[in-house]
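Residue strings, one per chain:
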Amino acid sequence: MRDPWLMAVDKPAGLLSQPGLGPEQSDSVITRLQQQDQGLCLVHRLDRDTSGVLLLARSAGALRRLSALFAERRINKLYQADVEGDLHGRGCIASPLARLSRQPPRYASRPSGRLALTIWRVCAVPAACICMPRP
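Criteria and cut-off values
What you see as residue numbers is a count from 1 along each chain, following the sequence as written. Where totals are concerned, whole chains, interfaces and linings use all residues; where local detail is concerned, this predicted model gives features only for residues with pLDDT of at least 70, and gives and counts side-chain atom pairs only at 80 or more. Hydrogens and waters are ignored; side-chain quantities use all the structure's heavy atoms. Counting from the N terminus, the helices are the DSSP runs of H or I reaching at least four residues and the strands are the DSSP runs of E reaching at least two. Relative accessibility decides the category of a residue: with a 1.4 Å probe and only protein chains considered, values under 20% of the type maximum give buried, values over 50% give exposed, and everything between is partly exposed. Think of it this way: DSSP has to see at least two bridges between two strands before they count as a pair. In protein, a polar contact means a hydrogen-donor-capable atom and an acceptor-capable atom, both N or O and within 3.5 Å, with residues adjacent in sequence counting only if both atoms are side-chain atoms; elsewhere, any N or O pair within 3.5 Å suffices. Contacts are residue-level and defined by heavy atoms, with any inter-residue pair within 4.5 Å sufficient. Here, axes are lines fitted to C-alpha atoms. For helices the fit covers the stretch in contact, and angles between N-to-C directions go from 0 to 180 degrees.

(A) Fine view of the environment of Ala60. Summarising the element assignment, Ala60 is placed in helix H2 (residues 60-71). Here Ala60 falls in the partly exposed class, since its relative accessible area comes to 48%. C-alpha separation for the pair Ala60 and Gln34, spaced 26 residues apart in sequence, amounts to 15 Å.

(B) Highlighting unusual backbone geometry. The phi dihedral of Arg73 falls on the positive side, at around 60°, and the residue is not glycine. Judged by its relative accessible area of 46%, Arg73 falls in the partly exposed class.

(C) Fine view of the pairing of strand E3 (residues 52-57). Counting buried positions along E3 gives five out of six residues, so the element sits mostly inside the fold. For strand E1 (residues 6-11) and E3, the ladder comprises six bridges, and the chain directions are antiparallel. Counted as the bridge partner of Leu6 is Ala57 from E3. As judged from the two bridges shared by strand E2 (residues 41-42) and E3, these two strands associate in the antiparallel manner. From the neighbouring strand, Cys41 faces E3, where its bridge partner is Ala57.

(D) Local environment of the side chain of Ser17. Considering the arrangement of structural elements, one finds Ser17 in the loop between E1 and helix H1 (29-34). What makes Ser17 buried here is its relative accessible area of 2%. Polar side-chain contacts of Ser17 include one of 2.9 Å to the backbone oxygen of Leu46. Ignoring any residue separated from it by four or fewer positions in sequence, one finds Ser17 in contact with Lys11, Ser28, Val29, Ile30, Leu42, Arg45, Leu46 and Leu54.

(E) Spotlight on the sheet that holds strand E5 (residues 106-109). Taken in spatial order, the three strands make up an open sheet running E5-E4-E6, and their pairing is antiparallel. Of all the strands in the sheet, just E5 and strand E6 (114-121) have a single pairing partner and so form its edges. When the angles between neighbouring strand axes are averaged without regard to direction, this sheet yields 45°. Here strand E4 (residues 90-101) pairs with E5 via four bridges, running antiparallel. Note that in E5 the partner of Ser101 across the bridge is Arg106.

Structure representation (structure tokens):
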């Protein structure tokens with residue numbers, strides 16, 4: 001069934017959400033999909049190396065509404081990561097992040113930044129990765 005307002009796609013790791021700078025970075029999710037439907041617009045982006053669900057709006061009105069939901073933080077994002085090393089339980093990291101540079105895009109914790117909240121928990125520990133307690 002085709003939704004009249006939006007499209008959700010599973011973006012693979014290694015593919016840009018939108019074209020980068022230069023012809024060698026022209027391949028992206030949006031350029032591929034706009035070959036079939038020119039009216040599609042990215043609602044948000046995922047980093048090149050991040051896989052996951054990417055939302056695209058089918059109209060300018062849908063883009064405005066969805067963008068407002070992201071801006072108002074009414075849409076929550078969930079990321080899952082594989083981590084090496086000793087990590088147990090759960091925790092929270094709250095840090096204000098600010099842009100350091102546009103090209104390449106770099107961010108860091110700065111007092112003047114926008115609050116980024118990361119709530120984390122260990123979901124599973126593969127048997128081969130169980131670490132022995134340190135002496």
